[in-house]
Amino acid sequence: MKFTKMHGAGNDYIYVNCFEEKVIHPEEVSRFVSDRHFGIGGDGLVLIKPSVRADFEMAMYNADGSQGEMCGNAIRCVGKYVYDRGMTDKMQISIDTLAGIKYLDLTLENGKVSVVKVNMGAPCLDAEKVPVIADTKQVINEPIEVEGRTYHMTAVSMGNPHCVIFMEEDVRKLNLEAIGPVFENHPRFPRRINTEFVNVLDDSTLRMRVWERGSGETLACGTGTCATAVAAVLNGKSKNEVTVQLIGGELQIAWAGGDAPVYMTGPAMTVFDGEIELPEGIC
C-alpha cells in the first residue's frame, strides 16, 4: 500500500489516495499503520476518496481503529495533498466528511500549499446532539466530577464531541495519561469524548492540551481547537478571534458567535511518501 505521512501542527496521519489504492479493512489498517513501533506511526489513517457531493471525500480513522467524524488538522492536509499532486487546480475546494461538507481556502508558497483556512461550520451546543447527558439544553461551565475532583466543562460539537475544561493550573503540568481516559469514558458521554484542557493567557491567546477519543494525547486537534475557541467566547474569556497554542504549533480560530461558522487557519506539511506491506488479511 502506497501512503503519505503528513501533519498539521504535529497532528500526524497516514494518508492513502483511494483514487489509486483500495483499502478493504480501514479499521484494521489504521491500527496497524498507526503503531509507532511496528507500523508507520501516526494518530490514525485518512483515506482520500472520490465524492459525488464535493470535490473529494475524506474518511478518517483513529489509532484504535474507530472511525471519526472529522479532523480539522487532517482536512487541511487533504487540501494540500490533492493540490500539490495535481488532483485539482482549484484554490477553493470542498471536502465531504461524516460531519458534512467542509470548504477550504488554500494559500501557496513556491507553488505548494503551506497554509489552509477551513470553514468548519457552525458549532453545535445542543446537549443531546453533542452528545452529553445533561438536565439542560446546553452545557456551558457546568460542573462534572471526575475521580473525586469537580471540573467545569463546556460541551461543543464540531461534527465530533468535545468537552472543554478551563483551568487555572498550568495545563503543561497535567498528567494527561491518567486523567484523559477517565474523561473519554465518563458515563456522561454516550459516544466517548475529546477533552481539551485550557489556560487563558489573555483575551486573544489560549494554551491547550487535548486528549483525543480513540488516539490519546495528540500534539494538536483542529476540531478541538475550534471547540475551545467557541467555549472561550461563550464563557466570556476571549475575543472572537484567538490564537491557540498547542504542543505542535499554533492555530488561528475566528467565530462571530451564534450560528456563524468557525474558521480555522493553520499549516499543512508533508513528511514523507512510502510503501508498506500490510499483514495478510487486513489490506
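Look above for the structure.
Here goes a summary of the coordinates provided. What you see is a predicted model, and the numbers here were worked out from it, not measured in a lab.

To continue, consider the pattern of salt bridges. As enumerated under the stated definition, the model contains 17 salt bridges in all. With a shortest N-O distance of 2.7 Å, Glu69 and Arg213 are connected by a salt bridge. With Glu69 in the loop between strand 5 (67–68) and helix 2 (72–84) and Arg213 in the loop between strand 13 (205–212) and strand 14 (216–218), this residue pair connects regions lying 144 residues apart in the sequence. For Arg213, a relative accessible area of 7% puts it in the buried group. With its nearest N and O atoms 2.7 Å apart, the salt bridge here joins Glu184 to Arg192. We classify Glu184 as buried; its relative accessible area is 7%. Residue class for Arg192 comes out partly exposed when judged on its relative accessible area of 25%.

Right, let's get into helix 3 (residues 176–184). Listed as buried for helix 3 are Leu176, Ile179, Gly180, Phe183 and Glu184. Down the axis of helix 3, the buried side of the element spans an arc of 135°, and every buried residue falls inside it. Those residues of helix 3 that are buried lie in contact with strand 9 (142–146), strand 10 (149–157), strand 11 (161–166), strand 12 (194–202), strand 13 and strand 14.

The subject of this paragraph is the nonpolar core. In terms of nonpolar packing, the biggest core is built from 53 residues, with Tyr15, Met58 and Ile253 touching the most fellow members. For this core, the element with the highest residue contribution is helix 2, accounting for 7 residues. Counting residues in each nonpolar core, the second largest holds 21 residues, with Val139, Val171, Phe183 and Phe189 among its members.

What counts and what doesn't
- Residues numbered from 1 in each chain as written.
- Predicted model: local features only at pLDDT ≥ 70, side-chain atom pairs only at ≥ 80, totals over all residues.
- Heavy atoms only, no water.
- Salt bridge = Lys/Arg side-chain N within 4 Å of Asp/Glu carboxyl O.
- Helix = DSSP H or I, 4+ residues; strand = E, 2+ residues; numbered from the N terminus.
- Buried < 20%, exposed > 50% of the residue type's maximum accessible area, 1.4 Å probe, protein only.
- Arc of directions from axis to C-beta.
- Contact = heavy atoms within 4.5 Å.
- Core = buried A, V, L, I, M, F, W, Y, C linked by side-chain atoms within 4.5 Å.

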